[in-house]
Amino acid sequence: MATKVVVKWGKQVLDDVEIDTNESVQVFKTQLWTLTGVPPERQKILGFKGGQLKDDADWGKAGLKQGMKLMLMGTADQIPIAAPEVQTKFVEDLVTDPDQVDAMTVTSAADSARGLRNLGYTCYANATVQCLTAVPELRERLEVEFPKEGGIMPPLSSVGTIRDLLTTLADDKPVGGDGVIVPMSVIATLRRENPQFQEKGQHDAQECLVTILRILASGFDTAKRQAASSGSAPSAEANAIDELFGIQMESTDKCVDSDESVTKREMVRALMCYITKDVNSLNQGLVMEESIEKRSDALDRTAEWKRTAKIAKLPPYLWVNFVRFYSSASDPSKTRAKILRNVTFPLMFDAFNLCTDEVKSECEPGRAEIRRQEDDKVNKTKADMDVDTKTKTPKDPVRVTESKSGMYELCAVLTHKGRALDSGHYVAWVKHTDEVWFKFDDETVTTCTPDDIQKLSGGGDWHMAYMILYRARNPQECP
């Protein structure tokens, strides 16, 4: 239930500020943060019973009333965030005839894409799996290394449930009923593999992705060991998960007060976009340089170090996670509220400047070839293009096994709508063609445009990007 209040902050008066009594105090404080720029830990909210509003206060006992006046005290350090002025319009919104809307939805989306039944707070898993359908190479590797006809035995049964769901989503055969798939086995697998998913309520989609990739990586490793023990040659040095999503990071720590320098490498499966008051775009949130404190052996004390990170190996598919949820510094276990700041992300992403010099050198030929192909495409006459259209047979998309250019194209977005991590709703948006995207809202599948996708950057209560997936752009196999 929402209660509207008036909040006075200095000379500014905020009318009709809504308090959702089903949410925590931390969510309300984060809402005020987006309106005023005063961080939650600096806020003092007066006007309730007992004086200052406490983080663990019960709305029912706080004396909350419609239209009551509150006072906010605290110093701002962030630019206020406004909601988007223009709401996203989907393709079906442009048609006024309901029959046309239904026909459009059936022909352009439902016939070629399938929704997943929400089994009660399972949109986090549905959206995550739908985003993984943008990676056909993953499904193909699962089908090859874990063939269904061969049977899957524990501990690989968890891999089998994920393989089966991805295969079913990619299959164009009828599934019966309303065409919606019930992901019961995958939900049961997630709850078995990660006990936090057994709890009733909403869960974190980023944690869901981590769990799925961990299950699959473990399965591929197990299959490799079984192949080695039987005398068969393994299919690859790394498992398929690290081949597809593994980002090898090279970090160098240099001590400010000595000549010490330490370089190490580690494999991660996503880049993190940290959101602060100065971050307005994806590139600004990718922190590749920072100051840290750690012990210096040469100085025999704790010293300041400068850490510089570079990408030493680019993956075919690049996940980026937006760090959108805020935890209280005094009690991280409390409900994590959402940072609503507008952070834009491009449809085409260039990771070149994030890479080591060695990787840059490897990417140069591919980048030059892509530029040449793009120039040729621009220089083609309309007649040439007409001939191409008539003489060339459409081909299936070329499978991506590596990044040869450092250039990427957006292929999937997972959004969260709501104010807190343990509430709200997740939706998947997956690229179908250059001009058409599918919106997977549990059972409902509709279409939208690239312009709609770029409006998922945040700034209000609309769907906003929480995870995004990029696919490597490589020179075309055929001219």
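For the structure, check the block above.
A few points on the structure.

Criteria and cut-off values
Residues numbered from 1 in each chain as written. Predicted model: local features only at pLDDT ≥ 70, side-chain atom pairs only at ≥ 80, totals over all residues. Heavy atoms only, no water. 1 Å grid on protein atoms, 1.4 Å probe; cavity = no way out; pocket = protein on both sides within 12 Å on 5 of 7 lines; lining within 4 Å. Points joined across faces, edges and corners; volume = space filled by probe spheres on them. Helix = DSSP H or I, 4+ residues; strand = E, 2+ residues; numbered from the N terminus. Nonpolar A, V, L, I, M, F, W, Y, C, P; charged D, E, K, R; others polar. Pairing = 2+ DSSP bridges. Axes fitted to C-alpha atoms, helices over the stretch in contact; angles between N-to-C directions. Parallel < 35°, antiparallel > 145°, perpendicular 65-115°, else oblique. Left-handed = near helix turned anticlockwise from the far one by under 90°. Contact = heavy atoms within 4.5 Å. Core = buried A, V, L, I, M, F, W, Y, C linked by side-chain atoms within 4.5 Å. Buried < 20%, exposed > 50% of the residue type's maximum accessible area, 1.4 Å probe, protein only. Patch = residues over 30% accessible without salt bridge, like charges linked within 9 Å, V, L, I, M, F, W, Y side chains within 5 Å. Areas by Shrake-Rupley, 256 points an atom, 1.4 Å probe, with all protein chains shown as cover. Salt bridge = Lys/Arg side-chain N within 4 Å of Asp/Glu carboxyl O. Lys, Arg positive; Asp, Glu negative; His and termini not counted. Charge placed at Lys NZ, Arg CZ, Asp CG, Glu CD.

1. Points about the layout of surface pockets
Then, in step 1: Here the second largest pocket is characterised by a volume of approximately 450 Å³.
Then, in step 2: Met249, Glu266, Val287, Glu290 and Ala309 are the residues nearest the centre of the second largest pocket, which is lined by 17 residues in total.
Then, in step 3: Of all the secondary-structure elements, those providing two or more residues to the lining of the second largest pocket are β5 (247–255), β6 (261–268), β7 (271–274), β8 (289–296) and β9 (301–313).
Then, in step 4: The greatest single-element share of the lining of the second largest pocket, amounting to four residues, is contributed by β6.
Then, in step 5: The residue inventory of the lining of the second largest pocket, partitioned by class, reads 10 nonpolar, one polar and six charged.

2. Some points on the sheet that holds strand β3 (residues 44–46)
Then, in step 1: Taking strand neighbours across the sheet as the criterion, the four strands line up as β2-β1-β4-β3 in an open arrangement whose pairing is mixed. Two strands in the sheet have a free side with no partner beyond their single neighbour: β2 (12–20) and β3. Each adjacent strand pair in this sheet contributes to an overall mean axis angle of 35°, direction not counted.
Then, in step 2: For β3 and strand β4 (residues 69–73), the ladder comprises three bridges, and the chain directions are antiparallel.

3. With respect to the packing of helix α3 (residues 123–132) against helix α7 (residues 205–229)
Then, in step 1: One way to put it is that α3 packs onto α7 with a least axis distance of 9 Å and a crossing angle of 55°. Comparing their axes, α7 and α3 come out oblique. For the crossing formed where α3 meets α7, the hand is right-handed. Within the contact between the two elements, α3 uses Tyr124, Ala125, Thr128, Val129 and Leu132 and α7 uses Ala205, Cys208, Leu209 and Ile212.
Then, in step 2: Looking at the contact of α3 with α7 residue by residue, the class counts come to eight nonpolar, one polar and no charged.

4. Some remarks on the nonpolar core
Within soluble globular proteins, side chains that are nonpolar tend to cluster in buried spots.
Then, in step 1: Formed by 98 residues in total, the largest nonpolar core has its most connected members in Phe245, Leu282, Phe345, Val413, Ile468 and Tyr470.
Then, in step 2: With 19 residues, the next largest nonpolar core counts Val17, Phe28, Leu32 and Leu53 among its residues.

5. Observations regarding a negative patch on the surface
Then, in step 1: The grouping of Asp15, Asp16, Glu18 and Asp20 at the surface amounts to a negative patch.
Then, in step 2: Among the structural elements, Asp20 can be located in strand β2.
Then, in step 3: Assessed through its relative accessible area of 34%, Asp20 is described here as partly exposed.

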